[in-house]
Amino acid sequence: MIRSCYVSHHCPQCSGEVVFDQGATGTRCRYCGAGLLVLGSRSMWLNFLIKPVVGVRDTAHEVTRIAMKNGWKPPLLRSVIPFYFPFYRTTGHAIKWIKGVKPGLEIHGDASEEILTRHVDLMRPAHMDLSPGLFSPGYRAQSLNLALATRENAGKAPFAPIQKDREEHSRDMEEAFFDSMPEPGLKVWEERCFRLWETNSVLFFPLLLVEIREGRQMRLLLLDAVGGSLIRQIGHEEMETLLDNLELRESRSPGETRLKLAPLMCPECAGDLDPDPSAHLRFCKACGRGWEEGAGRLRERECLWAGTRPQARDTSMIFLPFWRRHADDRELYIPAFSVRSPRLLYNLAARYYHAQFPAEPIPYENRLRIQSLPVGLPPDGADEMADVVAKTNAREQFQKKGTSQSLVLVPFRKKGPDLVEPFKGLAVPISSLEADLP
Ligand SMILES: [Zn+2]
Ligand SMILES: [Zn+2]
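Asker: Could you give an account of the overall build of the protein, naming the residues involved and the relevant values?
Answerer: Looking only at helices and strands, the protein has eight helices and 22 strands in total. In terms of its C-alpha atoms, the protein occupies a principal-axis envelope of roughly 85 × 65 × 40 Å. Taking all 438 residues of the protein together, 49% fall into the buried category. For the protein, restricting intrachain contacts to residue pairs at least 6 apart in sequence, the fraction spanning at least 24 positions comes to 71%. Surface summary for the protein: the accessible area is close to 21,300 Å², and the carbon and sulfur share equals 48%.

Asker: Could you give an account of the coordination of the zinc ion (ligand 1), with specific residues and numbers?
Answerer: Ligation of the zinc ion (ligand 1) by protein atoms is provided by Cys 11 (SG), Cys 14 (SG), Cys 29 (SG) and Cys 32 (SG), these donors lying 2.3 Å from the ion. One way to put it: the four donor atoms around the zinc ion (ligand 1) meet at angles of 105 to 114°, and that makes the site tetrahedral. Linear spacing of the donor residues for the zinc ion (ligand 1) on their chain is C-x2-C-x14-C-x2-C. A relative accessible area of 2% means that Cys 29 is categorised as buried. Here Cys 32 falls in the partly exposed class, since its relative accessible area comes to 38%.

Asker: Tell me about the pattern of salt bridges, residues and numbers included.
Answerer: Applying the stated criterion across every chain yields a total of 14 salt bridges. Close ionic contact of Lys 164 with Asp 172 constitutes a salt bridge, the shortest N to O distance being 2.6 Å. For Asp 172, a relative accessible area of 32% gives the class partly exposed. Between Arg 232 and Glu 238 there is a salt bridge, with the nearest N and O atoms lying 2.5 Å from each other. Taking relative accessible area as the criterion, Glu 238 reaches 24% and is therefore assigned partly exposed.

Asker: Could you give an account of the coordination of the zinc ion (ligand 2), with specific residues and numbers?
Answerer: Of the protein atoms, only Cys 266 (SG), Cys 269 (SG), Cys 284 (SG) and Cys 287 (SG) coordinate the zinc ion (ligand 2), at distances of 2.2 to 2.3 Å. Around the zinc ion (ligand 2), the four donor atoms are arranged such that angles at the metal cover 99 to 119°; this shape is classified as tetrahedral. Between consecutive donor residues of the zinc ion (ligand 2), the sequence gaps follow C-x2-C-x14-C-x2-C. One end of the pair, Cys 266, is in the loop between β12 (260-263) and β13 (282-283); the other, Cys 287, is in the loop between β13 and β14 (290-294), and 21 residues separate them in sequence.

Asker: Hey, could you go over the sheet that holds strand β15 (residues 297-300) for me, with residue numbers and the actual values?
Answerer: An order of β13-β14-β15 is seen for the three strands of this open sheet, with the pairing classed as antiparallel. Where the open sheet ends on each side, the last strands, each with one partner, are β13 and β15. Looking at chain direction, β14 and β15 are connected through four bridges and run antiparallel. Bridge assignment links Trp 291 to a residue of β15, and that residue is Glu 300.

Asker: An account of the side chain of Glu 214 is requested, with residue identities and associated values reported.
Answerer: If you trace the backbone, Glu 214 turns up in strand β9 (residues 187-214). From its side chain, Glu 214 meets the backbone nitrogen of Lys 73 in a polar contact 2.8 Å long. Setting aside its immediate chain neighbours within four residues, Glu 214 contacts Trp 72, Lys 73 and Arg 219.

Asker: Got a sec to walk through the packing of aromatic side chains? Specific residues and values, please.
Answerer: Inspection of every chain in the model, using the stated rule, returns 15 aromatic pairs. Measuring from ring centre to ring centre gives 5.8 Å for Phe 322 and Phe 357, while their planes differ by 50°; the resulting arrangement is tilted. Residue Phe 322 is located in strand β17 (residues 317-327), and its partner Phe 357 is located in the loop between α6 (342-352) and β19 (360-361); the two are separated by 35 residues in the primary sequence. Across the pair, exposure class does not vary: Phe 322 and Phe 357 are buried alike.

Asker: Got a sec to walk through the layout of surface pockets? Specific residues and values, please.
Answerer: Volume-wise, the second largest pocket comes out at about 530 Å³. Along its surface, the second largest pocket is lined by 22 residues, and Asp 274, Arg 282, Phe 283, Ile 370 and Ser 372 are the ones closest to its centre. When the residues that make up the lining of the second largest pocket are grouped by side-chain class, the tally is 12 nonpolar, three polar and seven charged.

Rules behind the numbers
Each residue is numbered by its place in its chain's sequence as written, counting from 1. Here every chain gets a letter starting at A, and every ligand a number starting at 1, in the order they are written. Owing to the predicted nature of the model, reporting of local features is limited to residues with pLDDT of at least 70; listing and counting of side-chain atom pairs is limited to 80 or more, with chain, interface and lining totals taken over all residues. The side-chain numbers reported here are obtained from all heavy atoms of the structure, hydrogens and water having been left aside. In this text, helices come from DSSP runs of H or I with a minimum length of four residues, and strands from runs of E with a minimum of two, each type numbered from the N-terminal end. In this scheme, a residue with accessible area under 20% of its type's maximum is buried, one over 50% is exposed, and one in between is partly exposed, where area comes from a 1.4 Å probe on protein chains only. For this analysis, residues touch if any pair of their heavy atoms sits within 4.5 Å. For the accessible areas, the method is Shrake-Rupley and the probe is 1.4 Å, while residue cover comes only from the protein chains on display. Here a donor is an N, O or S atom found within 2.8 Å of the metal, or within 3.2 Å if the metal is Na, K or Ca; sites may look incomplete because water is not among the atoms. Between 85 and 135 degrees for all angles marks four donors as tetrahedral; over 155 degrees for opposite donors together with 65 to 115 for all other angles marks four donors as square planar and six as octahedral; every other arrangement is irregular. One speaks of a salt bridge when a side-chain nitrogen belonging to Lys or Arg is within 4 Å of a carboxyl oxygen belonging to Asp or Glu. Criterion used throughout: strands pair if DSSP finds at least two bridges between them. N or O atoms closer than or at 3.5 Å make up a polar contact, with two conditions inside protein: a donor-capable atom paired with an acceptor-capable one, and, for residues adjacent in sequence, both atoms drawn from side chains. Stacked, edge-to-face and tilted labels apply to pairs of Phe, Tyr and Trp rings (six-membered ring for Trp) whose centres lie within 6.5 Å, assigned for plane angles under 30 degrees, over 60, and everything in between, in that order. Throughout, the protein atoms alone are placed on a 1 Å grid, and a set of points is a cavity if a 1.4 Å probe fits but cannot get out or a pocket if it is open with protein on both sides within 12 Å along at least five of seven lines; lining residues have an atom within 4 Å of a point. Grid points are joined across faces, edges and corners, and a volume is the space filled by probe spheres set on the points. Side-chain classes are defined by residue name, with Ala, Val, Leu, Ile, Met, Phe, Trp, Tyr, Cys and Pro counting as nonpolar, Asp, Glu, Lys and Arg as charged, and the others, Gly among them, as polar.

Okay, here's the thing in structure tokens:
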């Protein structure tokens, strides 16, 4: 399973190599120090490739090793064709809500609820004419460096075409997403499944098609060009089909890619914005305005607060960000800060769903004073969580269309193991927060 993937790109200021996490929204160039905005990292279906570790020149060595291991006669290398094989990759969170009774209490027991969650990171072949067997590029690597799947990054190696369409892959995911969920501790009466924060990409994995002569026999080998191992031997017909497929696409790259790096500065006053890799909204350090990515550029988001001037000056106060949605004629609040698990986020979202805060524009002189936690959850991600809460807690659902959304900073004070807000005394456990408190 790939745990983290790093993407290589070029700095728009100095063209140095910038490496950042696949899901990052911001980064900093280690050569020129520029703060950079990652545009398009959350859009659907970006194309990546993994650069080969075993090149064409290293192939003879790998083939000798494989031959010795399998007890073959010393092989003679006839030809080596490097190419890229496409996999669909889907990541996200599976959430299963369960209503039922504790085992042994089936007759008189009261209903209980349970939330099961699982981080999902799945890969499936996207090319069908050649089977990579059970092989999935993620099983051996803890972390892999990804590059955008462009002709330039691919060198001379061709891309095998994507033959399975996206809809078909999405249908496969419907079940696969909920495979290997933890077992519920309840006897189930009712269950609901949700797919949250899904991202899809295509990952081109480098393979080598190797033709060898072993004694009097010809063998066609499919080699993994990262680990150098033999995936399987293939037949002549399979090879012919593969060569046709590669020929077809040789000069083409798999499609334009929308991932871009842009200098990170306030569009209003050119002030600095924090290059935090996980923030979905950044406050300008000079004018205090809040900015987020929208349609490939920075857009301002309305930012309000539920604080007072004395609270802004009080260093023991910490402001937590919430997304505020209009639902018919009332508002609902969804946490915008990151917590350690989706289950905790669900619990917090259910608790704050109808909390009312006195949200007002932040007075200018206080904008730069407030200590707040980063916005780790984008508004659409918060909508998905609100949907789960509405469908499992009998809360009314908000109207998705035509509703405006603002960010509201709500003051909290540290009390024991919790952060407590002064309005209703609702609390957030400090240990659950992903950010360190100032
Ligand atoms: Zn740079
Ligand atoms: Zn500014």
